[in-house]
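# Secondary and tertiary structure notes
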Amino acid sequence: MANLVLWLLVVEILGLIAFPLAYYVFKRLPDRGATLSKVFGLLLSTYLLWILGLTGLVSNSGFTLIGILLAITLVSALVLRRQFRQIGAFLWRERFHLLAGEAIFLGIFFMWVVIVAQVPAINHTEKPMDFGFLNAILRSESFPPEDMWLSGNSISYYYFGHLAMGGLTKLTGITSSVSYNLSVVLIPALVSIAAYGLVYNLIRLAGAGRGRAIFFALAAPVFIGLISNLVGVLDFVQARGWGSDGFWQWVSIKDLSRSTAAGASFFPQDFNWWWHSTRVIDTVQDGQSLDFTISEFPFFSFLLGDLHAHVMSLPFLVLSLSLSLNFLLSNEPPGLGWLWRNPWESLALALSLGALAFVNIWDIPVFAALFVGVLFIRALRHWGPNIGRAVLSSLAVGVPILVVAVLLFLPFYINLQSQASGILPLRDVSTRPFFFILVWGFFLIIAASLLIRQLWSVPRPDKGSEGILALTVVLTFLPIVLWGVLVFFLELFDDGLGSSLAMVGSRFGKLLPLLLIVGLSMYSALVRARHGPTPLVFSLALISLAFYLLMGAELFYLKDFLPLRMNTVFKLYYQAWLLLAVASAFGVYYWFSRPRPKSLSLRLGSHALVGAVALLLMASFYYPAGAALDRMKSSNDSPTLDGLAFIQKFDPDEYDAIKELRDEAPRGRIVEAVGGDYTDHGRIAASTGLPSPLNWPGHELQWRGSSQPFAGREEDVAAIYQSGDLEEVQALLDKYEIRYVYLGSRERAKYGSLEEENFSRLMKVFFQSGNVIVYERIEPL
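Residues numbered from 1 in each chain as written. Predicted model: local features only at pLDDT ≥ 70, side-chain atom pairs only at ≥ 80, totals over all residues. Heavy atoms only, no water.

Under the definition given, this model contains 64 aromatic pairs. Summarising the aromatic geometry, the rings of Phe-236 and Tyr-622 are spaced 5.6 Å apart at their centres and angled 80° between planes, so their arrangement reads as edge-to-face. Of this pair, Phe-236 sits in helix H11 (residues 231-239) while Tyr-622 sits in helix H25 (residues 600-633), placing them 386 residues apart in sequence. On the basis of relative accessible area, Phe-236 is assigned to the partly exposed category, the value being 25%. Centre to centre, the rings of Phe-488 and Phe-489 are 5.3 Å apart; their planes meet at 85°, and the pair counts as edge-to-face. (Phe/Tyr/Trp six-rings, centres within 6.5 Å; stacked < 30°, edge-to-face > 60°. Helix = DSSP H or I, 4+ residues; strand = E, 2+ residues; numbered from the N terminus. Buried < 20%, exposed > 50% of the residue type's maximum accessible area, 1.4 Å probe, protein only.)

With that settled, consider the sheet that holds strand S5 (residues 669-671). Pairing within the open sheet is mixed, and its four strands lie in the order S5-S6-S8-S7. Unpaired on one side and paired on the other, S5 and strand S7 (763-769) mark the two borders of the sheet. Adjacent strand axes in the sheet meet at a mean angle of 25° when their direction is disregarded. Relative to strand S8 (residues 772-777), strand S6 (residues 738-743) is paired through four bridges, and the arrangement is antiparallel. Looking at the pairing, Val-741 lines up with Tyr-775 of S8. Here helix H27 (residues 652-663) sits on the sheet in contact with S5, S6, S7 and S8, set at roughly 130° to S7. (Pairing = 2+ DSSP bridges. Axes fitted to C-alpha atoms, helices over the stretch in contact; angles between N-to-C directions. Contact = heavy atoms within 4.5 Å.)

Moving on to empty space enclosed by the protein. With the rule as written, the count across this model stands at seven cavities of 30 Å³ or more. Taken as a whole, the largest cavity holds about 70 Å³ of empty space. If you go around the largest cavity, the residues you meet are Trp-50, Leu-54, Pro-144, Ile-155, Ser-156, Tyr-157, Tyr-159, Phe-358, Pro-411, Phe-412, Asn-415 and Leu-416. Looking at the lining of the largest cavity element by element, the count peaks at three residues for helix H19 (residues 410-415). Broken down by class, the residue content of the lining of the largest cavity amounts to 10 nonpolar, two polar and no charged. Roughly 50 Å³ of volume is contained in the second largest cavity. In terms of lining, the second largest cavity is formed by Leu-14, Leu-42, Ser-45, Thr-46, Leu-49, Leu-65, Ala-164, Gly-167, Leu-168 and Leu-171. If you list the elements that add at least two residues to the lining of the second largest cavity, you get helix H2 (37-55) and helix H7 (160-172). Partitioning the lining of the second largest cavity into residue classes produces seven nonpolar, three polar and no charged. (1 Å grid on protein atoms, 1.4 Å probe; cavity = no way out; pocket = protein on both sides within 12 Å on 5 of 7 lines; lining within 4 Å. Points joined across faces, edges and corners; volume = space filled by probe spheres on them. Nonpolar A, V, L, I, M, F, W, Y, C, P; charged D, E, K, R; others polar.)

Further remarks concern the layout of surface pockets. Of the pockets and cavities examined, the second largest pocket occupies roughly 610 Å³. For the lining of the second largest pocket, the secondary-structure elements that each account for two or more residues are helix H1 (2-25), H2, helix H3 (62-82) and helix H16 (343-359). Counting residues per element, the lining of the second largest pocket draws most heavily on H3, at six residues. Classifying every residue of the lining of the second largest pocket by side-chain character gives 17 nonpolar, one polar and one charged.

This part takes up helix H30 (residues 713-722). Counting buried positions along H30 yields seven of 10 residues, so the element is predominantly enclosed. Of the residues making up H30, those classed as buried are Arg-713, Asp-716, Val-717, Ala-718, Ala-719, Ile-720 and Tyr-721. Residues of H30 that are buried make contact with S5, helix H31 (726-735), S6, helix H32 (745-751) and helix H33 (756-762).

As a further point, take unusual backbone geometry. Omega for the bond connecting Phe-143 with Pro-144 falls within 30 degrees of zero, at 5°, which places this linkage in the cis form. Counting through the fold element by element, Pro-144 comes out in the loop between helix H6 (127-139) and H7. Put simply, Gly-532 and Pro-533 share a cis peptide bond, and its omega is 0°. One can find Pro-533 in the loop between helix H22 (497-527) and helix H23 (534-552). If you check the backbone angles, Asp-255 has positive phi at about 65° while not being a glycine. Notably, Trp-696 is not glycine yet its phi reads approximately 45°, a positive angle.

Along the polypeptide, Asp-653 turns up in helix H27. For the buried Asp-653, no salt bridge exists, and the shortest N-O distance to an oppositely charged side chain is 8.9 Å, to Arg-748. In terms of polar contacts, Asp-653 uses its side chain to reach the side chain of Ser-769, at 2.9 Å. Other than its neighbours up to four places away in sequence, Asp-653 contacts Phe-767, Ser-769, Gly-770, Asn-771 and Val-772. (Lys, Arg positive; Asp, Glu negative; His and termini not counted. Salt bridge = Lys/Arg side-chain N within 4 Å of Asp/Glu carboxyl O. Polar contact = N/O pair within 3.5 Å; in protein donor to acceptor, adjacent residues only side chain to side chain.)

A separate point is the pattern of salt bridges. For the structure on display, the rule yields 26 salt bridges. Residues Lys-38 and Glu-102 are paired through a salt bridge, measuring 2.4 Å at the closest nitrogen-oxygen approach. You can see Lys-38 sitting in helix H2 and its partner Glu-102 sitting in helix H5 (residues 95-118), a full 64 residues away along the chain. Note on Glu-102: relative accessible area 24%, which makes it partly exposed. For Asp-637, the salt bridge goes to Lys-649, with nearest N and O atoms at 2.9 Å. Of this pair, Asp-637 sits in the loop between H25 and helix H26 (645-650) while Lys-649 sits in helix H26; the two residues are 12 residues apart in sequence, bridging distant segments of the chain. Taken together, the salt bridges that share partners define one network made up of Glu-146, Arg-667, Arg-669 and Glu-737.

Counting buried residues in S8 gives six out of six residues, a clear majority hidden from the surface. Burial of S8 is two-sided: the residues Val-772, Val-774 and Glu-776 facing one way and the residues Ile-773, Tyr-775 and Arg-777 facing the other way are all buried. Looking at chain direction, S7 and S8 are connected through six bridges and run antiparallel. Across the sheet, residue Phe-767 finds its bridge partner in S8, namely Val-774.

As structure tokens, this is what we get:
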């Protein structure tokens, strides 16, 4: 309990320190960035820690972070001194909104504490990887941190989110095996309060009072992190034992078939049944997956508990969205003069956008594009139908901010290696419409309803509408036209004219509904640029971008080491979920704020639509409830937030060795048995942050795009353990600058008979308990 209180206290202090700065930057938002202050403070403190750590002049320590916080506090105090009365009046005026935001933050935080404490083990999926990043950062005296599984090389991954959580760990002094799980529960709490604040601002800007805005803004955290896709409906059908074999064959979702349980139940009884809701989209022929993808959504991510980049990016994405909305509300025309008059807001925009790449590099092109789109909408408001002037003034602001965004994080880009090798057109597979509706049905009906409802008030075409219409058509159809040209000729050479025409025509027909949504929402946002209302324009922009991403996943994919478009669907769908959740939350308010239709048929249709949305919302709660219960029932251990407690239970000697190496051992490199990905191998390095020559080679290949950086290392590690040649062992220890050699059950199982006498002659015993021995080099390295 003490760790929980301390962790929350530090996060709250961070938010309080950053609030005056947020108040100054978010000067056009009704809540002045108060619900974003925690994320904003985390961004500022983490960036300053990273920059200082790169210089090597200061150490990566709690004292450095305290100094950073004191500096931020000093600047905030200056802002507070100048605007003390205004801030005081604001706090009183918005007290119910601020209390509601804190209640959401604490409620979501403790809800996930209860769930995670029942299943805290860092021993499956990619938890060991994320845990390793966290510990590698904590161990590093400067940046970039050394890769825990490829000593001598820095981490080749986007680790800003891990760095942020590492900073909180340093400040609190909490053990990393506990702070890992505290980080897991903090992310959904941060994104919930931030999203609530964003939608609250949209609704207030639309003219609603505070009470009404608070009520409808509650939909934002629900839509983002407390509901699932509609596969839960099929899970319920299966649990009840309904549906014939033919029905389930038609459904064709892996691991979802007719129930073989003896009786009906309310929730499925299969082991980890909640996984297949994120593995929906696939094309199966003769039992083989041709298009195996990941369609993950936030609740699943939070429940799984991996501290992945795409999860940690969520609060920072909402921060970026809020900054874009704040800019859109500016009354000044965009241009170089705007940058000069708003230097701190410009810097905040650049810092926020730049950080997105360092948190999750997939986000920067998407949200940079959204920012440019917001710039263009704002320019249209000033320049009207003069699209050329609007483009130039948008570039005058956008280019400098995006250039600074890259420059602020240039050291990250210099050290980053990638497995991506290009973007290719998607030819032989596409998403089955049934699967698409299962994943997006709930948001689709709300977004489409908002889009149709607002059409009645779209400004009538005037002299400047032709240019906007032409631009909309070009932007909407550009991806599918480009894809069509490429695929037509590729298919023509491979299978002939008939096949190429059939493929292009079929894909166009399938994507026609998405093209309509993208085109209508984009046109509506652009044509409303001059007259607003701004919240509706912003929401329409989010809808347009979201469905643009979903359409793009049907046309192109990023070529990498993963199967076909697995990663493309994974990352683009995740971004689209956030965008549609925010837009849909506002859409619910918009629908209820419009005057009631006069026609009886329209009123009945409106009631039917509201009923359908309510029914789908109820269906979307089924999966989270059942999955959380199933996850918690999977462990009978006493609740704890210590992610390594399972080792203490099953291998107490290894647990004690990890504690000794993590808490007492001087920094140095360690050698342990090399093993495959998703195994227990690499646990010592990941749990202590001590770099090892190699582990999880498959992941190292993904991160670096080549096996060259670790060629021969696995054989060298084997030789260290197995060679009878003392000089060879000495040379290999010197080559990799090894300070510690770990001997435990994995080493004995992997390498058989070990030449332990070599270690006794070359090293001293640092730790010994049961079958675990840790040797330390005698001579200084």
